[in-house]
Amino acid sequence: MPDEQSDAPTPTVEERYKGIPVSPGIAIGPLVLLYADEHIIRKRRIRPEDVAGEIARFEAALLKTRQQIQVIRNELASSIGEEDASIFDAHILLLEDTSLIESVKEQLVSRLVNVDFAYEQVVRSYTRKMRELDDDYFRERAGDFLDVSRRVLRNLQGKVDAELRNLDVASVVLAHDLSPSDTAGMDRKLVLGLATEAGSRTSHSAIMARSLNLPAVVGLRELIGKFEPGVEVLLDGYEGLLIVNPTDQTKHEYGQREKIHEAVEVKLDALRETLPVTLDQRRIIVSANVEIMEDLPLIKEHGAEGVGLLRTEYLFLNQNESPTEDQQVEMYREMARACQPHHIIIRTLDVGGDKKRPHLGIEQEVNPFLGFRGIRYSLGRPDIFRTQLRAICRASAEGNVRVMFPMVCDLSELKAARRLIDEVREELRQQNIPQAEKIEVGVMIEVPSAALTADILARHVDFFSIGSNDLIQYTLAIDRGNENVSAMYQPAHPAVLRLMQTVVEAAHRNNIWVGVCGEMAADVILVPALIGLGVDELSAGAASIPRIKRAIQSLNYEEARQLVARCVLNESAEANQAELEQMARRLYPEIL
Ligand code: PEP
Ligand code: MG
């Protein structure tokens, strides 16, 4: 007799999980789980009788991967041509490498471990050997190999078939972490919100979510295994909540809250055309940080004065190979045009750290944030760097283009980069290719050694832009993307403020301007500290611009200066944070 209960829907219970709010907004929709990271592959012992089942799972995953690669290959062949699509033929060859498949099967039998683990171990050992070979071709193939294996691992993990660029219904995405290349390539119309187990306010996935105007919550810790895909969730990017199976009552309450938020946004919208000037007439430039071409309309929509930071690496991360010189010229030109009459500051490639793609050929490093990153990568890959510099110089013929270098640690790096620009400009002249008469060159101050030698660097550049995200990370020795230490990531720490003070004073003594383009600039609680330090420009995600303007317009520069004078002498970040919050609550409570 059939069980009468069996078809009844399981009653759902609302569950709430608290994380770190990093991008405001509310999203409701089905949940998609994205298991992408190799490090969540766990070792599991199996019994000898399980081996056949594991092999079957492996073969099914290989087959599925082959089909997926074939689909991408065919799509690419029809959009960009057979030749470029052929890279995926090479992927299929790597996928079906018989010696690798045999090694995995052999491990299953000899070590009695789960196939995901065995496969990952074999891939690691293969890629290590490929990278050790003294042959560029094989070293590059190691990156392709990792790309293919990541796909196989996703398929092996069963639940795993979501990919941000392949969603079919609008969903809220929950991932362990999202790499910049995941977010750069996602289908924005189908992603309603982003939730991650890892991450913090300044991790790149958080920055990207804000730039895309997507509600996002990070640092939710171990959650993924708890839910089935498709379950309804509500993501609250204001308070940092992921609500699973929200009740009707919860949804209704959130509907009301959204109306209030919308009303504040409408008021802020009116600030678009106004100037960011303090009550005592100190004029600040407020410009936008931009990651992708789709951000362009937002620059004017939110009233930014041009672009203070173009993170060009995202143009390299959302595809399988680096854009050519001509492709880059096109993109930079279009951006320069969108900024007119204002400027655009093009930051040269800042890859490394967590920003990687196989085609960039960056090896696995133990400490990637202290490794082959930013200007170090560019100087180590002059082929890529020269191409980018040529493209930037060519685009300068179209608008007010400035260039700046990331992660500079000392003068020798800056000089080497400047030398390359000079060479590239001379080359263009020889070839009669138009470029601007003058291109301002700046440097990011995001490493303590650069901050402490700012007086030296200032003599060699036209401007500074403080990258507070990294400056805080390197000053306080707190990984900016690690949720376990995110409470210790303290922008208002006296050490951070003192370093910034050194930088601003060095800039002004040398008659150059100094901006801040890290997330501190977008935090209206911290804005009085930056203004009080004497910063001339703030650059932040376009959506934050109206709030920043409102904060500046409510401030008195002299009062902010006195506040900073106290903060650099205070004993703790907490004391500074409290003073700053008090000021913000007094002057502009409605935007907090
Ligand atoms: C920074 O470090 O503050 C910065 C703006 O650069 P990114 O966040 O891209 O590292
Ligand atoms: Mg940085």
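Notes on the structure in this doc start here. (Residues numbered from 1 in each chain as written. Chains lettered and ligands numbered in written order. Predicted model: local features only at pLDDT ≥ 70, side-chain atom pairs only at ≥ 80, totals over all residues. Heavy atoms only, no water.)

## Some details on the site of ligand 1
Which entries qualify depends on this criterion: Proximity criterion: a residue is near a molecule or strand once any of its heavy atoms comes within 4 Å of it. As used in this structure description, the phrase polar contact means that two N or O atoms lie within 3.5 Å; if the pair is within protein, one of them must be able to donate a hydrogen and the other to accept it, and residues adjacent in sequence are counted only when both atoms belong to side chains. Here the accessible surface of atoms and residues is derived via Shrake-Rupley with a 1.4 Å probe, and residues count as covered only by protein chains that are part of the display. The way it works is that DSSP assigns letters per residue, a run of H or I at least four long becomes a helix, a run of E at least two long becomes a strand, and they are numbered from the N terminus.
Around ligand 1, the structure places 17 residues, and the nearest of them are R311, R347, G467, N469 and R480. The contact in question runs from an oxygen atom of ligand 1 to an N or O atom on the side chain of E446, over 2.9 Å. Alone, ligand 1 offers 290 Å² of accessible surface; in the complex the protein occludes 100% of this. Secondary-structure elements contributing two or more residues to the shell around ligand 1 are helix 8 (204–212), strand 10 (307–311) and helix 18 (468–476). The element contributing the most residues to the shell around ligand 1 is helix 18, with three residues.

## A few points about the nonpolar core
In plain terms, the rule: Take the buried Ala, Val, Leu, Ile, Met, Phe, Trp, Tyr and Cys residues and link them wherever side-chain atoms come within 4.5 Å; each set so joined is a nonpolar core. Note on classification: 1.4 Å probe, protein chains only; a residue is buried when its accessible area is under 20% of the maximum for its type, exposed when over 50%, partly exposed between these limits. Each domain's extent is set by a domain assignment, obtained either automatically or from a database. The contact rule is simple, with two residues in contact once any of their heavy atoms fall within 4.5 Å.
Counting 127 residues, the largest nonpolar core has F405, F464 and L538 as its most contacted members. Of the domains in this structure, domain 1 (15–35 + 161–259) and domain 3 (270–591) are the two that each give at least three residues to this core. Apart from the residues lying within four places of it in its own chain, the contact partners of L538 are I284, I285, V286, S287, V516, A521, V527, L530, I531, I548 and I552. Counting residues in each nonpolar core, the second largest holds 27 residues, with V115, M130, F145 and L146 among its members.

## Side note on helix 23 (residues 573–587)
Our working definition: An expected span of 1.5 Å times one less than the residue number is assigned to each helix. By arc we mean the arc of the directions from the helix axis to the C-beta atoms, nothing more.
The end-to-end C-alpha separation of helix 23 is 21 Å, in line with the 21 Å expected for 15 residues at 1.5 Å each. Those residues of helix 23 not exposed but buried are A573, N576, E579, L580, M583 and A584. The arc that holds the buried residues of helix 23, viewed along the axis, is 130°, so those residues lie on one side. Exposed residues on helix 23 whose side chains face more than 90 degrees from its buried face are E574, Q582 and R586. In the core, the buried residues of helix 23 are packed alongside helix 19 (494–509), helix 20 (527–533) and helix 22 (557–567).

## Focus: the coordination of the magnesium ion (ligand 2)
When a metal carries six donors in an octahedron, the ideal angles between them are 90 or 180 degrees, while four donors in a tetrahedron ideally lie at 109.5 degrees. Put simply, the rule is: Donors, by definition, are the N, O and S atoms found within 2.8 Å of a metal, the threshold being 3.2 Å for Na, K and Ca, and water is not counted, so a site can look incomplete.
With distances of 2.0 to 2.2 Å, the protein atoms coordinating the magnesium ion (ligand 2) are E446 (OE) and D470 (OD). Taken as a pair, E446 in the loop between strand 13 (441–445) and helix 16 (448–452) and D470 in helix 18 lie far apart in primary sequence, 24 residues in all. Across the pair, D470 and E446 agree in class, each one buried.

## Regarding the state of the cysteines
Worth spelling out the cut-off: The disulfide definition used here is simple: a pair of cysteine sulfur atoms within 2.5 Å.
Counting across every chain of the model gives zero disulfides. The thiol of C339 is unpaired, and the distance to the nearest cysteine sulfur, on C517, comes to 15 Å. Classification of C339 as buried rests on a relative accessible area of 1%. C393 forms no disulfide, and the closest cysteine sulfur to it belongs to C339, at a distance of 17 Å. The class of C393 is buried, set by a relative accessible area of 3%.

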